[in-house]
Amino acid sequence: MKNSRVYFTLYTLGFVTLSPTYAQDTYTLHQALQRVVDTHPLLHSAELQIERSKLESNRVESQLGFQTNGQAGYNHDVSLFGAPSDRIEGAANLERGLANGGRIGASANYIYENNDFSFSPLLPNPSHTVKFDVNYRLPILKGAGNPNYNQGLIAARLGVNTATTSRASLRDQLARQALDLYFALSGTLARLENTHQAIDRAKRLKVYIQRNVELGLLEEKDILQVEAQLRAQTADQQAFTVIKTQQRIALNRLMGLPSDAPVNTHLDEDDKRDEALSDNAVMLEVEKNNPDLLRLDARINLAETVIARNRDAKNDQFDVVVTGGVRSKNGDSTLGTVNEQDWAGGVRVEYRRAIDKRGVDAELAQAILDRSIAIQDLQATKSDLHYTVSSLLAELRAARSALDAVRLRLNSEKQKLEEAEKRYRTGRADTTQLIQFESDLYFTQFAVEQQRIELARRSAILELLRGKIWDAVIPAVSDSRGNKQ
């Protein structure tokens, strides 16, 4: 017997050692949301999308960056007079765009030429020619104000906003899933606890009845009634256990926990701070923080940038180009040394018109339609939110009243059962009545928990819509505008 106890102890210790341990098994709602924010891969993917969008502004800003090119070469050929000619040439250009749509540039060119035959004794041979020019191009119609650059910067910022609001929208969607699972699990745990208490009461009643049956004070049918009630409650407990396992696995998946990790919920006491808020005040908060509204607003502004660029693309090209520079040519000729220098400059206009503008017109019309669609979507989403918030606030007020009423009923059911138990012990109440009162208390207790859970769920949904639910999530997460909360 002693050895058996030793073996049992060692087996138990080994089982405990090999069993997985978890640092936490009870989570408040905000702790569960923290797990979702920290671990969900879709949110990490959305963060990468934000980082990718931030790089777009670098691409747009590079339009004003300096661009340079150069070339150099050697050429041996035969001139027009049949004489061999050697030519060495090098050129370099530097150019950049300006925010007003203009372009400024500079170019330098060097040519060395050596001909075996000189066309004129006045021309140097070999000769060195150097050219240096500065040019400035100013668009008057198409490209004036550089809409591609300025609207591109706006579009880049809107792209970051869109990616940020998309992440916030995804975060809220995952939070809503977490809310549903969290409060569903809370309801199931409440059912299990309530069923467990009912089973304990039924077992105590069965012992009491069985003792009285043996004394001849009660009949066998009384104990059969209690056993039937006990079996029904045990079946309920088993069914709720299966549901709890399914809900726990789903919540663990969302929170990034192993499927077999134990998870219990802990509901805070009812927070009545939102009772003092008016419907209009709540709606203003919702409109300010709702990521879907912010994303649609960014969509409208993005369509505006496309409209501005396409309107510019419809214009004819009319540019003014101003150039200025110096020229130098030197070398030895038959009559002596040649060294000539002078300046060069000019002004010209360039005009270009596209005959067929159907493509540009179509793109402009599409952008205008995109803006109209986004405006309609914004109005529809805002209208849906108004109805949702109004309904939710009404449900919250009704849920609080229902909770107060069912709590009063619970006190009455407890008093009714206590009075029935006293009469039952003196033979003035039968078993059927006692079991009925037990069932009434059982359902009323669960009704209280159910109302409390529903109230907490609706309050959490309202917090989510107002954007307040993330205030308690640490470390701080980005709000819909990309700011740190």
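Since this is a predicted model, take the numbers as computed values, not measurements.

Trainee: Which residues make up the overall build of the protein chain, and what values go with them?
Mentor: Along its length, the protein chain carries 10 helices and 8 strands. The buried share of the protein chain, reckoned over its 485 residues, is 35%. Pairs at least 24 apart in sequence give 77% of the contacts found in the protein chain among residues at least 6 apart. If you sum the accessible surface of the protein chain, you get close to 28500 Å²; carbon and sulfur atoms cover 54% of it.

Trainee: I'd like to hear about unusual backbone geometry, residue by residue, with values.
Mentor: Phi at N146 is positive, roughly 50°, even though this residue is not glycine. For N146, the position within the fold is in the loop between β5 (127–139) and α5 (147–214). Judged by its relative accessible area of 13%, N146 is buried.

Trainee: Quick one: what's the story with a nonpolar patch on the surface, residue by residue and with numbers?
Mentor: Where nonpolar side chains cluster on the molecular surface, the patch consists of I104, F132, V134, V326 and W343 and spans about 500 Å² of accessible area. Inspection of the secondary structure assignment puts V134 in strand β5.

Trainee: Give me the pairing of strand β4 (residues 103–115): which residues, what numbers.
Mentor: Note: strand β3 (residues 84–97) against β4, 13 bridges, orientation antiparallel. Bridge pairing in β4 links S85 to N115. Between β3 and β4, which follow one another and run antiparallel, lie 5 residues, and G101 among them has a positive phi close to 100°. For β4 and β5, the ladder comprises 11 bridges, and the chain directions are antiparallel. Counterpart to I111 in the pairing with β5 is T129.

Trainee: Could you give me a rundown of the pattern of salt bridges, with the residues and numbers involved?
Mentor: Applying the stated rule across the entire model yields 29 salt bridges. Between R176 and D180 there is a salt bridge; the shortest N-O distance is 3.6 Å. Taken together, the positions of R176 and D180, both in helix α5 and 4 residues apart, correspond to about one turn of that helix. For R176, a relative accessible area of 35% translates into the label partly exposed.

Trainee: Break down helix α8 (residues 291–314) for me, with residues and values.
Mentor: Compared with an ideal rise of 1.5 Å per residue, which puts 24 residues at 34 Å, α8 spans 35 Å between its outermost C-alpha atoms and is within 8% of the ideal. Restricting attention to buried positions, one finds in α8 the residues P291, L293, L294, L296, A298, I300, A303, T305, I307, N310 and D312. Two or three places before D292, at the opening of α8, N290 has a side-chain oxygen 3.1 Å from that residue's backbone nitrogen.

Trainee: Explain helix α7 (residues 279–289) to me, using residue names and the numbers behind them.
Mentor: V282, M283 and V286 are the residues of α7 that are buried. Take α7 and look down its axis: the buried residues cluster within an arc of 100°, on one side only. Opposite its buried face, α7 presents the exposed residues N280, L284 and K288, each directed more than 90 degrees away.

Trainee: An account of the side chain of N194 is requested, with residue identities and associated values reported.
Mentor: Relative to the elements of secondary structure, N194 occurs in helix α5. Exposure remark for N194: the relative accessible area of 5% places this residue in the buried category. The contacts of N194, once residues within four sequence positions are left out, are Y442, Q445 and F446.

Trainee: I'd like to hear about the pairing of β3, residue by residue, with values.
Mentor: Every regular strand shows the same layout, with side chains that alternate between the two sheet faces. Pairing of strand β2 (residues 67–78) with β3, which is carried by 12 bridges, proceeds in the antiparallel orientation. Bridging across to β3, T68 finds its partner in L94.

Trainee: Could you give me a rundown of the packing of aromatic side chains, with the residues and numbers involved?
Mentor: Summed over the entire model, instances satisfying the criterion amount to 2 aromatic pairs. Where Y182 meets F183, the ring centres are 5.6 Å apart and the plane angle is 85°; that geometry is what we call edge-to-face. The exposure class of F183 is buried, given its relative accessible area of 4%. Note on Y442 and F443: the rings are 5.0 Å apart at their centroids and 65° apart in plane angle, and the pair reads as edge-to-face. For R96, the ring lying beneath its charged end belongs to F66, and the centroid distance is 5.3 Å.

Trainee: Tell me about the nonpolar core, residues and numbers included.
Mentor: Among the nonpolar cores identified, the biggest contains 58 residues, and L29, L33, L179, F183, I469 and W470 are the most heavily contacted of them. Of all the secondary-structure elements, those providing two or more residues to this core are α2 (29–39), α3 (41–54), α5, α6 (220–255), α7, α8, α9 (358–425) and α10 (431–466). Considering every element that reaches this core, the biggest residue donor is α9, with 13 residues. By size, the runner-up hydrophobic cluster in this structure holds 5 residues, among which are L205, I209, V226 and I435.

Trainee: Could you give me a rundown of the confidence of the model for the protein chain, with the residues and numbers involved?
Mentor: Put simply, the protein chain has an average pLDDT of 82, and 84% of its residues get 70 or more. Every residue in residues 1–22 scores below 50 in pLDDT, and together they form 5 contacts with partners more than four places removed in sequence or on other chains. Scored below 50 in pLDDT, residues 476–485 shows 30 contacts in the model against residues more than four places distant or in partner chains.

Trainee: Outline the environment of A228, supporting the account with residue identities and numerical values.
Mentor: Secondary-structure assignment places A228 in helix α6. Since its relative accessible area comes to 39%, A228 is described here as partly exposed. Sequence spacing of A228 and A202 is 26 residues, and the spatial spacing of their C-alpha atoms is 9.9 Å.

Trainee: How would you summarise the packing of α2 against α3 if you had to cite specific residues and measurements?
Mentor: Across the interface, α2 lies against α3 with an axial gap of 6 Å and an inter-helix angle of 50°. By the criterion of interaxial angle, the relationship of α2 to α3 is oblique. Between α2, through V36, V37, D38 and T39, and α3, the contact on the second element is made entirely by P41, L43 and H44.

Conventions and cut-offs
Residues numbered from 1 in each chain as written. Predicted model: local features only at pLDDT ≥ 70, side-chain atom pairs only at ≥ 80, totals over all residues. Heavy atoms only, no water. Helix = DSSP H or I, 4+ residues; strand = E, 2+ residues; numbered from the N terminus. Buried < 20%, exposed > 50% of the residue type's maximum accessible area, 1.4 Å probe, protein only. Contact = heavy atoms within 4.5 Å. Areas by Shrake-Rupley, 256 points an atom, 1.4 Å probe, with all protein chains shown as cover. Patch = residues over 30% accessible without salt bridge, like charges linked within 9 Å, V, L, I, M, F, W, Y side chains within 5 Å. Salt bridge = Lys/Arg side-chain N within 4 Å of Asp/Glu carboxyl O. Pairing = 2+ DSSP bridges. Expected span 1.5 Å × (residues − 1). Polar contact = N/O pair within 3.5 Å; in protein donor to acceptor, adjacent residues only side chain to side chain. Arc of directions from axis to C-beta. Phe/Tyr/Trp six-rings, centres within 6.5 Å; stacked < 30°, edge-to-face > 60°. Lys NZ or Arg CZ within 6 Å of the ring centre and 35° of its normal. Core = buried A, V, L, I, M, F, W, Y, C linked by side-chain atoms within 4.5 Å. pLDDT = per-residue confidence, 0-100. Axes fitted to C-alpha atoms, helices over the stretch in contact; angles between N-to-C directions. Parallel < 35°, antiparallel > 145°, perpendicular 65-115°, else oblique.

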